[in-house]
Amino acid sequence: TVFKVELEEGSVNEFYLYFSSDGETINLPLTLYSEADFWQTNYKQQLFLGLFYGLLFLAGIIYLFFYTSLKEKSFLYYGLYVFSIAFMQAALDGLIFQYIFPGGGFFNDRAVMITALFSNFFLLKYCEYFLQVNDRLPSFQKLFKSVYIILIGLFAMVFINSKTLELVYPIANLNGLISLILILTVV
């Protein structure tokens, strides 16, 4: 969030900011810049973000090309995982709100959680196919399906109301930890 503050030299001012959250942590680095310094910092950040998102987009496209050529599902899921990570980071960086859905609203309030759930899902699907869980450890297939069911339930909770949305954050974090433990166990 950026806003202009007019300060007269030698003056003392008090400003009050009110922030609220639906359960997500608020990171609030307060920095005062002169207008020239602000634009310089902003240009550097935009360059970095352009490179970052450009690499993610390129990686996602390459893996989808691998999938179309080799018909190996692990490439499909990894490409979709890369795109979901890009969208989640874009939601965290505020780019979805700024460029894709500038009107705000219902979807914007839930974009971080929606993209995080998709990221968790595609990561698990990628690992399931890449590690050949169905062939090598069929008993673990039930655990993967259990986590998928939890993800579907969390996805539904995102859209019910604001109270269930608040519950989704800690449960999704716990589910992400369980997913990582499951992946490491399979490896």
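Undergrad: Lay out the overall build of the chain in plain terms, naming residues and giving numbers.
TA: Across its full length, the chain carries seven helices and zero strands. The linear arrangement of helices and strands in the chain, starting from the amino end, is α-α-α-α-α-α-α. Over its C-alpha atoms the chain spans a radius of gyration of 21 Å, topping by over 25% the 16 Å that the globule rule assigns to 187 residues. Taken across its 187 residues, the chain has 31% of its residues classed as buried. Long-range contacts, defined here as pairs at least 24 residues apart, represent 62% of the contacts in the chain between residues at least 6 apart. Taking the average location of the 10 positive side-chain charges in the chain and that of its 14 negative ones, the two points are 21 Å from each other.

Undergrad: Give me the layout of surface pockets: which residues, what numbers.
TA: Size it by volume and the second largest pocket reaches roughly 360 Å³. Forming the walls of the second largest pocket are 17 residues, and the residues nearest its centre are M88, A116, A172, N173 and G176. When residues of the lining of the second largest pocket are traced back to their parent elements, those giving at least two are α2 (73–93), α4 (106–130) and α7 (162–186). With seven residues, the top contributor of residues to the lining of the second largest pocket is α4. Its residues placed into classes, the lining of the second largest pocket shows 11 nonpolar, five polar and one charged.

Undergrad: Would you mind going over unusual backbone geometry in detail, with residue names and values included?
TA: At K71, a residue that is not glycine, the phi angle is positive and equals roughly 55 degrees. Tracing the backbone shows K71 in the loop between α1 (35–70) and α2. For K71, a relative accessible area of 59% puts it in the exposed group. Not every positive phi belongs to a glycine, and Q132 is a case in point at roughly 50 degrees. Examined against the element boundaries, Q132 turns out to sit in the loop between α4 and α5 (133–136). By relative accessible area, which is 34% here, Q132 ends up partly exposed.

Undergrad: How would you summarise the environment of V158 if you had to cite specific residues and measurements?
TA: Looking at where V158 falls in the secondary structure, it is placed in helix α6 (residues 138–160). Remark: the alpha-carbon pair of V158 and L117, spanning 41 residues in sequence, is separated by 9.9 Å. If we skip the residues at most four places from it in the chain, V158 touches R110, M113, I114, L117, L165 and V168.

Undergrad: Give me the lowdown on the nonpolar core, citing residues and values where you can.
TA: Judged by nonpolar contacts, the single largest core of 27 residues is most densely connected at M113 and L124. Going through the elements one at a time, α2, α4, α6 and α7 are the ones with two or more residues in this core. Setting aside anything within four residues of it in sequence, one finds M113 in contact with V158, L165, V168, Y169 and A172. The next biggest cluster of nonpolar side chains, apart from the first, holds 11 residues, and it includes L56, V82, A90 and I96.

Undergrad: Please provide a residue-by-residue account of a nonpolar patch on the surface, values included.
TA: Where nonpolar side chains cluster on the molecular surface, the patch consists of F3, L17, F19, I26, L28 and L30 and spans about 580 Å² of accessible area. Of note, F3 is situated in the segment before α1. Overall, the relative accessible area of 49% leaves F3 in the partly exposed class.

Undergrad: Pulling in residues and values, what's your account of α1?
TA: One turn of the α-helix equals 3.6 residues, which is why residues spaced by three or four share an orientation. Helix length check: α1 (36 residues) gives 52 Å between terminal C-alpha atoms against 52 Å at 1.5 Å per residue, within 8%. For α1, the elements touching its buried residues are α2 and α3 (95–100). Just past α1, the residue K71 takes up positive phi, approximately 55 degrees.

Undergrad: Can you lay out the pattern of salt bridges for me, pointing to particular residues and giving the numbers?
TA: Applying the stated criterion across every chain, the model contains three salt bridges. Residues E128 and K125 are paired through a salt bridge, measuring 3.5 Å at the closest nitrogen-oxygen approach. Of this pair, E128 and K125 both sit in helix α4, three residues apart, which is roughly one turn of that helix. Residue class for E128 comes out buried when judged on its relative accessible area of 8%. As a salt-bridge pair, K163 and E166 come within 3.8 Å of each other at their nearest N and O atoms. Of the two residues, K163 and E166 are both situated in helix α7; the distance of three residues between them amounts to about one turn of the helix. According to the relative accessible area criterion, K163 is exposed, its value standing at 54%. Overall, E166 belongs to the partly exposed group, its relative accessible area being 34%.

Procedures and definitions
Residues numbered from 1 in each chain as written. Predicted model: local features only at pLDDT ≥ 70, side-chain atom pairs only at ≥ 80, totals over all residues. Heavy atoms only, no water. Helix = DSSP H or I, 4+ residues; strand = E, 2+ residues; numbered from the N terminus. Rg over C-alpha atoms; globule rule 2.2 N^0.38 Å. Buried < 20%, exposed > 50% of the residue type's maximum accessible area, 1.4 Å probe, protein only. Contact = heavy atoms within 4.5 Å. Lys, Arg positive; Asp, Glu negative; His and termini not counted. Charge placed at Lys NZ, Arg CZ, Asp CG, Glu CD. 1 Å grid on protein atoms, 1.4 Å probe; cavity = no way out; pocket = protein on both sides within 12 Å on 5 of 7 lines; lining within 4 Å. Points joined across faces, edges and corners; volume = space filled by probe spheres on them. Nonpolar A, V, L, I, M, F, W, Y, C, P; charged D, E, K, R; others polar. Core = buried A, V, L, I, M, F, W, Y, C linked by side-chain atoms within 4.5 Å. Patch = residues over 30% accessible without salt bridge, like charges linked within 9 Å, V, L, I, M, F, W, Y side chains within 5 Å. Areas by Shrake-Rupley, 256 points an atom, 1.4 Å probe, with all protein chains shown as cover. Salt bridge = Lys/Arg side-chain N within 4 Å of Asp/Glu carboxyl O. Expected span 1.5 Å × (residues − 1).

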